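A closer look at the structure
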Amino acid sequence: MEKRQIKAMADSFRIWQFASQREWNVTVDEIADATELHPVRVFKMCLHRQWTRRLVRHRRPNWNDTAFKRQAVRLDELRDLGLPVC
């Protein structure tokens, strides 16, 4: 077996392990964050293994998330300074 094949098998196992423990109620981005793999790699590996049907496509934003609130506060601060905000 080539080194590349071994890495692909190990990455597949990491993806399967993380997702199966959560009953596949995860997104590609959540798997990528947990496994520290690139999201495109996670998606392609799931596609190859035919796991994409099991994954959650999108999560609704959590408006109570503290990171979201911090970003909203920063945008308000920029508006107060008169800076354009997209």
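For the structure, see preceding data.
These notes cover the structure that comes with them. (Residues numbered from 1 in each chain as written. Predicted model: local features only at pLDDT ≥ 70, side-chain atom pairs only at ≥ 80, totals over all residues. Heavy atoms only, no water.)

**Some words on the nonpolar core**
Core analysis: the largest hydrophobic core is formed by 14 residues, its most contacted members being Ile 15, Val 26, Ile 31, Val 42, Cys 46 and Leu 55. Those elements that provide at least two residues to this core are α1 (3-21), α2 (28-35) and α3 (39-48). If we skip the residues at most four places from it in the chain, Cys 46 touches Ile 15, Trp 51, Thr 52 and Leu 55. (Core = buried A, V, L, I, M, F, W, Y, C linked by side-chain atoms within 4.5 Å. Buried < 20%, exposed > 50% of the residue type's maximum accessible area, 1.4 Å probe, protein only. Helix = DSSP H or I, 4+ residues; strand = E, 2+ residues; numbered from the N terminus. Contact = heavy atoms within 4.5 Å.)

**Some thoughts on the pattern of salt bridges**
This structure, assessed with the given rule, holds 4 salt bridges. Here Asp 11 ties to Arg 41 by a salt bridge, and the two come within 2.9 Å at their closest N and O atoms. With a gap of 30 residues between them, Asp 11 in helix α1 and Arg 41 in helix α3 connect regions that are remote in the sequence. Classification of Arg 41 as partly exposed rests on a relative accessible area of 32%. One network of salt bridges, with partners in common, ties together Lys 7, Asp 11, Arg 14 and Arg 41. (Salt bridge = Lys/Arg side-chain N within 4 Å of Asp/Glu carboxyl O.)

**Description of the packing of aromatic side chains**
As enumerated under the stated definition, the model contains 2 aromatic pairs in all. Between Phe 13 and Trp 16 the ring centres are 5.9 Å apart and the planes differ by 35°, which places this aromatic pair in the tilted class. Here Trp 16 and Phe 13 lie together in helix α1, a separation of 3 residues that amounts to about one turn. For Phe 13, a relative accessible area of 44% gives the class partly exposed. With 5.3 Å between their ring centres and 55° between their planes, Trp 24 and Trp 51 make a pair best called tilted. Pair noted here: Trp 24 is in the loop between α1 and α2 and Trp 51 is in the loop between α3 and α4 (66-80), with a separation of 27 residues, a long-range link. No difference in accessibility class separates Trp 24 from Trp 51, as the two residues are buried. (Phe/Tyr/Trp six-rings, centres within 6.5 Å; stacked < 30°, edge-to-face > 60°.)

**Quick notes on α1**
Across its 19 residues, α1 extends 27 Å between first and last C-alpha, which sits within 8% of the 27 Å expected from 1.5 Å per residue. Within α1, the full set of buried residues consists of Asp 11, Ser 12, Ile 15, Phe 18 and Ala 19. One face of α1 carries all of its buried residues, which in axial projection span an arc of 135°. Residues of α1 that are exposed and angled more than 90 degrees away from the buried face: Lys 3 and Gln 21. Next to the buried residues of α1 lie α2 and α3. Following α1 by one or two positions, Glu 23 has its phi on the positive side, about 55°. (Expected span 1.5 Å × (residues − 1). Arc of directions from axis to C-beta.)

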